[in-house]
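The primary structure of each chain is shown beneath.
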Amino acid sequence: MVNLLKDEKSRYLLQHKNNPIDWFPWCERAFKKAENENKPVFLSIGYSSCHWCHVMAHECFENKETAKILNENFVSIKVDKEEYPDVNGFYIDFVANNFGSAGWPLNVFVNHNKVPLFGFMYLPNSQFINLLKRMLDEYHDEKFGGKRIENKFSLKNISYEEAVKLLKSIDLNKDSNLDGPQFPQACLLLYKLENGFNLNEDLSDLLTKGLFDHIEGGWFRYTVDPTWKIPHFEKMLYDQATLLLLCAEVYKRNKNELCKYAIIKTISWLEQHMKLPSGLYGSATDADTKDGEGHYYTIEKIDEIDAIKLFNLDLCGVYENRFVPWINFDFYKKNTEKSNEIIERYKRLRRNLGSPALDKKSVMSWNCFLCYSLFVCAEALDNNLIRKNAIELFEKINKYHVGKNFYHVVYDEKPFQSQEYLEDYSSYLLLLSKVSQKMQPKKVIKLIEDKFFHNDRITNTTSLIFDNINLWQDSPFPSGGSMLLNALLNLEYHINKTLAKTLGIAKLAAAYPYMFGFWLYGFKRMKF
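Residues numbered from 1 in each chain as written. Predicted model: local features only at pLDDT ≥ 70, side-chain atom pairs only at ≥ 80, totals over all residues. Heavy atoms only, no water.

**Overview of the overall build of the protein**
Put simply, the test is: Helical segments are the DSSP runs of H or I of at least four residues, strand segments are the runs of E of at least two, and each set is numbered from the N terminus. Within these notes, the globule rule equals 2.2 Å times the number of residues to the 0.38 power, and the radius of gyration is based on C-alpha atoms. Any residue under 20% of the maximum accessible area for its type is buried, any over 50% is exposed, and the rest in between are partly exposed; the area is computed with a 1.4 Å probe on protein chains only. The contact definition used throughout considers only heavy atoms, calling two residues in contact when any of these lie within 4.5 Å. For every accessible area listed, the method is Shrake-Rupley and the probe measures 1.4 Å; residues are considered covered only by the protein chains on display.
Per the secondary structure count, the protein includes 22 helices and 17 strands. The C-alpha radius of gyration computed for the protein amounts to 23 Å, which stays within 12% of the reference 24 Å derived for 528 residues, consistent with globular compactness. When its C-alpha atoms are laid out on the principal axes, the protein stretches across 70 × 60 × 45 Å. Taking all 528 residues of the protein together, the buried fraction comes to 61%. Taking as baseline every contact in the protein between residues at least 6 positions apart, the subset at least 24 positions apart corresponds to 70%. Per element, the accessible surface of the protein, about 22300 Å² overall, is 47% carbon and sulfur.

Right, here's the structure in full:
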C-alpha cells in the first residue's frame, strides 16, 4: 500500500509513502477535502535526518489502528520543513507560544483554513491515540472549523536613535543557556568577535569536544548535554556554512591553528559526504545507521596510549558504551604525523560500517551561504583549492537555483515549486559581494524590493499569511533580513532607505541577542 507521497521528491515525505495513513503533501486539495467533509486536519512537519521523527513514524504512523482513526476522522498532511520554512516557522511559533516549547516532529491540529488548534511533538502511540479522540471532540465542540487565520505579523519600526540606545544596552557577558542541550551560536560569536571578545573558551567547546567530528570532520547539530560531550549525531549543511565563516573570521585576525584544522577537515568532509552529482550540496546527514543512532561516529574502548591521548578518552563523552572522540590539539600539533595515522585508521573502520544517509535536497540559501563562507575561508587561508571549490559551487547555484525565479529547493537538478523566500535572494546577494558578478547586485536588490518590500513592512515570504517571527531570527541560520543587511554593507550600498524598514528588529535583538546574532553583527558593522 502506498499513499500520495509516493510521487514526491522529498526524502522525508518518501520515508512515509508506505505508511497506512492516507497522507497528502502540502496542497490546497487536502484543505478543500477537509472543508467538504467537515474534518480537522492533522498536520505533521519534520525533516529526513530527524531522529525523533523516525521514532514517532515507527511507533505511530506505521500502526494500522492509528492509521484507521486518522483516515476515518482527519485529513492528514505531511510537510518537509525545509521545503516550506514559512509554514514550519508559523506553526513552530504557535506551539512554542501556547505550549512552552516546540521542535520536531511538529504535529499540529488545524482547520481547513489552516488555523491551529493544538500542537505537540513526539508522543508514544497510546498517548497519541487518546489525543486524536480528544481533538475530535474539541474540534466540533468549539465550532473551530470556520475560523480563519488573521496573520498581521509585522515588525514595528523605531527611530534610529532608539535603535542605537537599545543596541548599546546589550550585555554579552550573560550566558544564554548553561544548562541543557548546547547549540552552536556562530552568528552571535561573529558579533562578539566584532566587539573584541576573547572567544578561546567558545572555540574550545566548538572545535575540540563532542560537537565536532574529529575523525572525518564537520559539526553535529547540537550536544544533548551542557558540557559539549554527547552530540545529537545529525549534521546540517547550514551549521557547516556558518561555523566555517566563524572559523575563517577568527583565523584572519589571529591565525588560530585550531580554526585552520577545523576548516580543512570540514571542507574535506563536505566534498566527500555532502556534495551531490550536480555539484550542489545536500541538506543533512542522518544520525542513524543500520547499527543504531551514533554508532558510526563513536569508537570502542581502546588500549593504545597515543589514541587515548589524541582523542582525550579520559574526558570525552560516552554514548551507548562507546566513546565520542574529542581532540587533544596540543598532542595533535606535537605529534601530527602519528595523529593523522590514527585518524586515518579510524576512517577506514568507518568505511566498513556504511555512511549515514544524505538528504539530497539542495536548499538555495544554505548553498549560497556555504559558498560565501568558502570564499572567506579561501581568503583567510590563501588557499586556491578552496577558492576553486567556491567558484564551482557558485556556477552550480547559477545553473540550478537561478532561473525565472530563485528556486528555494532543487531535487535531481530540477526546481521544486513552492513559495519564494527572502533568504534565497539575500544569501545570493551576500554571495555576489564576494565574486565577479554574473548578475549585477542592483538587479537582485530590485527583485528583493519588488517581491518582499511593502508599504509598511518587509516580508520574508511571498506567502504573506505565513510570515512569522522565526523567519527573522538568526538561530540556527541567518535570516533573510540579516543577510540582506550584511550584503548591502559588503557592497557598500547606501542603505538608509532599506534599513529604515528593519530597525524594529533592534528591539527584539536587544531583548534576545542569542536569537539575532547576524543582525547584531550587521548593526555593529554599521557602527551604531
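**So, the pattern of salt bridges**
To keep things clear, this is the line we draw: A pair is scored as a salt bridge if a Lys or Arg side-chain nitrogen falls within 4 Å of a carboxyl oxygen belonging to Asp or Glu.
Under the definition given, this model contains 29 salt bridges. Salt-bridge contacts for Glu 249 lead to Arg 253; the nearest nitrogen and oxygen are separated by 3.1 Å. Of this pair, Glu 249 and Arg 253 are both found in helix H10 (residues 237–254), four residues apart, which corresponds to roughly one turn of the helix. Note on Glu 249: relative accessible area 9%, which makes it buried. Glu 300 is paired through a salt bridge with Arg 322; the nearest N and O atoms lie 4.0 Å apart.

**Considerations on the pairing of strand E5 (residues 116–120)**
The condition that has to hold: Any two strands with at least two DSSP-identified bridges between them are counted as paired.
The element E5 is extensively covered by neighbouring structure, given that five of its five residues are classed as buried. With four bridges connecting them, strand E4 (residues 106–110) and E5 associate as antiparallel partners. Looking at E5, one finds that Val 110 is bridged to Pro 116. Joining the antiparallel neighbours E4 and E5 is a turn of five residues, in which Lys 114 adopts a positive phi near 75 degrees.

**Points about the packing of aromatic side chains**
Put simply, the rule is: Only rings of Phe, Tyr and Trp enter the pairing, Trp through its six-membered ring, and a pair is recorded when the two centres are within 6.5 Å. The plane angle decides the type: under 30 degrees is stacked, over 60 is edge-to-face, the rest tilted. To sit over a ring, a charge needs its Lys NZ or Arg CZ within 6 Å of the ring centre and within 35 degrees of the ring normal.
Across all of its chains, the model carries 47 aromatic pairs by this definition. Measuring from ring centre to ring centre gives 5.8 Å for Tyr 47 and Trp 104, while their planes differ by 85 degrees; the resulting arrangement is edge-to-face. Of this pair, Tyr 47 sits in the loop between strand E2 (41–46) and helix H3 (51–61) while Trp 104 sits in the loop between helix H5 (85–99) and E4; the two residues are 57 residues apart in sequence, bridging distant segments of the chain. The buried category is assigned to Tyr 47, whose relative accessible area is 2%. Both rings, one in Tyr 296 and one in Tyr 297, keep their centres 5.0 Å apart while their planes meet at 85 degrees; by these two values the pair is edge-to-face. One exposure class covers both Tyr 296 and Tyr 297, and it is buried. Taken together, Trp 23, Phe 42, Phe 61, Phe 74, Phe 94, Phe 99, Phe 109, Phe 118, Phe 120 and Phe 128 form an aromatic cluster joined through their ring pairs. We note Lys 78 situated over the ring of Trp 23; from NZ or CZ to the ring centre the distance is 5.1 Å. Over the face of the ring belonging to Tyr 47 we find Lys 81, whose NZ or CZ atom lies 5.0 Å from the ring centre.

**Details of the sheet that holds strand E14 (residues 358–359)**
Pairing is antiparallel in the open sheet, where three strands are placed in the order E8-E9-E14. One side of each edge strand has no neighbouring strand; the edge strands of this open sheet are strand E8 (235–236) and E14. Across two bridges, the pairing between E8 and strand E9 (residues 284–285) is antiparallel. Along E9, the bridge assignment pairs Lys 235 with Thr 285.

**Let's talk about the side chain of Glu 234**
This is how the line gets drawn: Side-chain atoms alone can form a polar contact between residues adjacent in sequence; in general such a contact is a pair of N or O atoms within 3.5 Å, and within protein one must be able to donate a hydrogen while the other accepts it.
Turning to its location among the elements, Glu 234 is positioned in the loop between strand E7 (231–232) and E8. A relative accessible area of 0% means that Glu 234 is categorised as buried. There is a polar contact of 3.1 Å between the side chain of Glu 234 and the side chain of Tyr 47. Of the polar contacts made by the side chain of Glu 234, one reaches the side chain of Ser 49; its length is 3.0 Å. Leaving out residues up to four positions away in the same chain, Glu 234 has contacts with Tyr 47, Ser 49, Cys 50, Phe 220, Arg 221, Thr 285, Asp 286 and Ala 287.

**Thoughts on the nonpolar core**
Rules: Within this scheme, the nonpolar core is defined by two criteria: the residues are buried Ala, Val, Leu, Ile, Met, Phe, Trp, Tyr or Cys, and they are joined through side-chain atoms within 4.5 Å.
Ranked by internal contacts, the top residues of the largest apolar core, which has 184 residues, are Trp 26, Tyr 91, Phe 128 and Tyr 428. Dropping the residues within four chain positions of it, Tyr 91 is found in contact with Trp 26, Leu 43, Ile 45, Leu 106, Val 108, Val 110, Lys 114, Pro 116 and Phe 466. Ile 230, Phe 233, Tyr 297 and Tyr 319 belong to the second largest nonpolar core, which has eight residues in total.

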